[in-house]
Structures are given as structure tokens and as C-alpha cells.
Amino acid sequence: MSPDSARPEIAPEAAPETRTNLVGLSREALTATLAELGEKPFRAKQVWHWLYHRGALDFASMTDLSKVMRAKLEEHFVVGRPGIAREQTSTDRTRKWLMQFSDGQKAETVFIPEDDRGAVCVSSQVGCTLTCRFCHTGTQRLVRNLTPAEIVGQFMVARDSYGEWPTPTDETRMLSNIVMMGMGEPLYNFENVATALKILMDGDGIAVGKRRITLSTSGVVPEIHRCGAELGVNLAVSLHAPDDDTRSMIMPINKKYPLKELMQACRDYPGASNARRITFEYVMLKGINDTAANARALIKLVKDIPCKFNLIHFNPWPGTPYECSDASTVDAFAQHLWDAGYSAPIRTPRGRDILAACGQLKTDSEKLSAKEQRLKDAAEAAKVAWAEKQAAI
Ligand code: SAH
Ligand code: SF4
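What counts as what
- Per-chain numbering applies: the sequence of each chain, read as written, is numbered from 1 onward.
- Each chain is given a letter, starting from A, and each ligand a number, starting from 1, according to the order in which they appear as written.
- Predicted model: local features are reported for residues with pLDDT of at least 70 only, side-chain atom pairs are reported and counted for 80 or more only, and whole-chain, interface and lining totals are derived from all residues.
- The side-chain numbers reported here are obtained from all heavy atoms of the structure, hydrogens and water having been left aside.
- Being near a molecule or strand, for a residue, means having at least one of its heavy atoms within 4 Å of it.
- Pairs of N or O atoms are called polar contacts if they sit within 3.5 Å, as long as, within protein, a hydrogen donor faces a hydrogen acceptor (for residues adjacent in sequence, only side-chain-to-side-chain pairs).
- Where accessible areas are quoted, they stem from the Shrake-Rupley method and a 1.4 Å probe; at the residue level, only the protein chains shown are allowed to cover.
- We place a 1 Å grid over just the protein atoms. Points where a 1.4 Å probe fits but has no way out form a cavity, open points with protein on both sides within 12 Å along at least 5 of 7 lines form a pocket, and any residue with an atom within 4 Å of a point lines it.
- The rule for placing a molecule in a cavity or pocket is simple: more than half of its atoms must lie within 2 Å of the grid points.
- Where helices and strands are cited, they refer to DSSP runs of H or I of at least four residues and of E of at least two residues respectively, numbered from the N terminus.
- When residues are sorted by character, Ala, Val, Leu, Ile, Met, Phe, Trp, Tyr, Cys and Pro go into the nonpolar class, Asp, Glu, Lys and Arg into the charged class, and all the rest, Gly among them, into the polar class.
- Contacts were defined at the residue level, with two residues in contact if any of their heavy atoms lie within 4.5 Å.
- Think of a salt bridge as a Lys or Arg side-chain nitrogen and an Asp or Glu carboxyl oxygen that are within 4 Å of each other.
- A 1.4 Å probe rolled over the protein chains alone gives each residue an accessible area, and that area as a share of the maximum for its type sets the label: buried under 20%, exposed over 50%, partly exposed in between.

**Quick look at the site of ligand 1**
Reasoning step 1: For ligand 1, the set of nearby residues contains 20 residues, the closest of which are Phe134, Gly184, Ser216, Ser238 and His240.
Reasoning step 2: One of the side-chain N or O atoms of Glu281 is found 3.1 Å from an oxygen atom in ligand 1.
Reasoning step 3: At 2.9 Å from a nitrogen atom of ligand 1 is found a main-chain nitrogen or oxygen belonging to Asn315.
Reasoning step 4: Coverage of ligand 1 by the protein amounts to 96% of the 530 Å² it exposes when considered alone.
Reasoning step 5: With respect to the pocket detection grid, ligand 1 is positioned in the largest cavity.
Reasoning step 6: Secondary-structure elements contributing two or more residues to the shell around ligand 1 are β10 (213–217), β12 (278–284) and β13 (307–313).
Reasoning step 7: Looking at side-chain class alone, the shell around ligand 1 contains eight nonpolar, 10 polar and two charged residues.

Pasting the structure below:
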């Protein structure tokens, strides 16, 4: 027996993917990429339609392209979606996906259904550079920005999951809205977020209109204007406090961009009007930002800005130092805002039992040894048990 034949057989490792992902290329970039292979612009239009209107998962299904062209595309490109590491559905029907990208990094995406429509909450980064004290994501340091393919891919996976291809009409779609409110600060990844949103809005494809898209920022003042001018989407600002001292304490970004500058950026937001108001998100933190005096200061702060409020229950996570204000305090706070003429609905927390509610998203993207992984799995199981117990209270 030769030494070679004595060796156990080892399956050959899959070669790393070297082909370009066509998902996530802007229309112009797709046209240019196909032109390099000698294809005319109308071919790019056909491929775009297959990718984003029909939701094709491969080139073989693009049946109005010749067999020769399909083979050529297959040789050079892939239709890439993020993988799903885990999918959970809450007792209130909220669904959460742990998406895994080609380098193994992970981020979460959530779908929040209403009766006949719903919003997909999309992540823009793995982790976050900012460290808002009440936010679970803020305890995970920034690993990296997500690419346009990974941002668009999150929505496409959600559509796969609900069988919403080809693109349904506005009236029949469940996945009707998009909120950039997942993990990360979208305005610290503006270029990729902008490319992704333009793809998501394109009328020949996924076609979610700009009025159905809301981008939430912690207040990255220099990028706010661009967001309105280049994308025209709705703006939500995580305000959470009416004065600089309190806001800087719970949101350190306020030291860089204080309230005066933030309010001016809101006043100047392109397209903001009484018909299209800016949303101020306000998380109710017991003993921190929830008094009648806080409400009065808030009303004074936002004077002259066409806006509405969204009062958010603080969603707890393991190890948090904060608690949510009592129900009567939240009601009284909302009443002050109503009395001053502002819409101020109290957002019902969704998906708490699967840690899918605002500010509860977090992933673990580090490389771990088998032992570390076992410990982490045990911690994760404890976290899920904790969330289920909290939701039952
Ligand atoms: N980074 C962006 C978007 C993601 S956070 C931003 O900060 O706006 C989405 C929303 O959830 C923000 O308004 C954020 O302040 C809020 N949030 C964070 N932690 C929360 C928690 N524990 N409970 C309730 N809302 C929270
Ligand atoms: Fe980052 Fe937004 Fe969480 Fe702040 S609230 S840490 S900006 S994700």
C-alpha cells in the first residue's frame, strides 16, 4: 500500500467565491459591468428586472435570456443573498432573521407585521461606533459597514420568506415599508446606504417608494441634509432628551453635534413640511427624561419644526442599567405633547420575546474556539430564556 492510498479521503474544500455579486450594483454599475462583457444596456435592464422584480435566485431562471448568455453570466457572476443563520418568529408574529454574510459576519433584520402591511427593519452596520447607553447594539463595537448588497439583500431575504415575488402592487404587499432602524448608524455608512436605498426605491424592481422609507439617525448632523436632498426619504431622529446635559449623558454623540445644531439640521431638512413631518423618537427612561418639565422643554425645543413624536417603551436587555417609565408617566408625557398640538403615539413594543424590539438587536461576530463557542451558546440560551421571562411579565 503506498503511503498516499493509506490517507483517509478528505473532501475537497469548496473554492472561495471569486465571481462578482450582481446584487447591490447600482443600475449604472450593472450596465457598465455587463458592457465589459459586450452586452448592450437593454440586457442590463432585463437582468435588473429578474433580480429585483422577479426575485430570481439564479441565472438559469432568467428564461428570456439566451442559453449562451445565461451560461456567460453564470461563469462571471452570482446572484448573492445573505445566508440565514437563524430565523425566529415572536408570539406577536414579529419575525427576526440573523443574517450571515460571506465573511461570516452577522447582523439582524426584523419584520414587524400589521394586519395587511408591515415594515422591514434593516441594519446598516455590524455593531455601532456609537455607545448610546440605553441601546443593546451600542454595547457591540463596530465590526464593519454593510455593503449595498448586504443592505438590499436583507430586504430580499425577507421577501423570499413571505413569498412576495414578483413585486406585488402597493395594495397587496405585506412588506410595504422599510425602516433603517436596525443595527448601526445609517448616516455613518451613507454611501452604501444611499446606493442600497436607490435600488430598493427603483420603480422597475422592488419599488418601495420614498414615502414608505424612514431613516433613523442618532443625529449625525453633517449628513442629514444629504439624506433629504439625495434620497428624499422620511427622517426620524433619536432625540430622547430635551437638553444637552441629559442627552450627552445617554447619547455621547450629542457632545459632537449638540441640540442647537441638530434642531437647525431638522429645520433645514429638504422636503419637511406639515404634510411630511420629521419624527422625533423618544425612549421613555424612568427618572431620566420623563417628567412634565422634560415634556415642556421638549415642546420649546422643537418649536417651528414640522414634526411628530414617537414615544418608545424602553426595551430592556441583559445588563442594562435603565428601566422603562411607568405606564401612567408615559401617558402623562404623551398628554402634554398632545395638548401642545403634537401627535405623540406610544409605540407598542413588538417581538420582545425574541429580542427583536427597538434597541435589542445585537450579534456576535467574533471568531471563537470550540470551547468559547460552547460558553457563548449557553449564554445565548440564557438570554433567550431571560427575554421569554421578561415578555411574560
Ligand atoms: N442608529 C440609529 C438607528 C437604529 S436604533 C438611531 O440611533 O436612530 C432605532 C431606534 O431604537 C432609535 O430611536 C434608538 O434610539 C432606539 N432604541 C435604542 N435602544 C433602545 C431600547 N433599549 N429601547 C427602546 N428603544 C431603543
Ligand atoms: Fe448605535 Fe442607534 Fe444604538 Fe445609538 S441607538 S448605539 S446610534 S444603533
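**Quick look at the site of ligand 2**
Reasoning step 1: Near ligand 2 the following residues occur: Cys128, Leu130, Cys132, Cys135, Gly138, Gly184 and Ser218.
Reasoning step 2: Residues that form the shell around ligand 2 fall into these classes: four nonpolar, three polar and no charged.

**With respect to the side chain of Gln125**
Reasoning step 1: Here Gln125 is to be found in strand β7 (residues 125–126).
Reasoning step 2: Within the local environment of Gln125, its side chain forms a polar contact with the side chain of Asn145, the two groups lying 2.8 Å apart.
Reasoning step 3: In this view, Gln125 contacts Ala107, Leu142, Arg144, Asn145, Leu146, Met183, Gly184, Glu185, Tyr188 and Asn189; residues no more than four positions away in its chain are not counted.

**A short note on the pattern of salt bridges**
Reasoning step 1: This model, assessed by the stated rule, comprises 22 salt bridges.
Reasoning step 2: The partner of Glu108 in a salt bridge is Lys96, with the nearest N and O atoms 3.0 Å apart. Of this pair, Glu108 sits in strand β5 (residues 106–113) while Lys96 sits in strand β4 (residues 95–100), placing them 12 residues apart in sequence.
Reasoning step 3: Judged by relative accessible area, which is 2%, Glu108 ranks as buried.
Reasoning step 4: For Glu114, the salt bridge is made with Arg350, and the minimal N-O distance between the two is 4.0 Å. Of this pair, Glu114 sits in the loop between β5 and β6 (118–121) while Arg350 sits in the loop between β14 (346–347) and α13 (370–392); the two residues are 236 residues apart in sequence, bridging distant segments of the chain.
Reasoning step 5: Among the residues examined, Glu114 registers a relative accessible area of 35% and is labelled partly exposed.
Reasoning step 6: For Arg350, a relative accessible area of 19% puts it in the buried group.
Reasoning step 7: Overlapping salt bridges, with partners in common, bring together Glu191, Glu223, Arg226 and Glu230 in one network.

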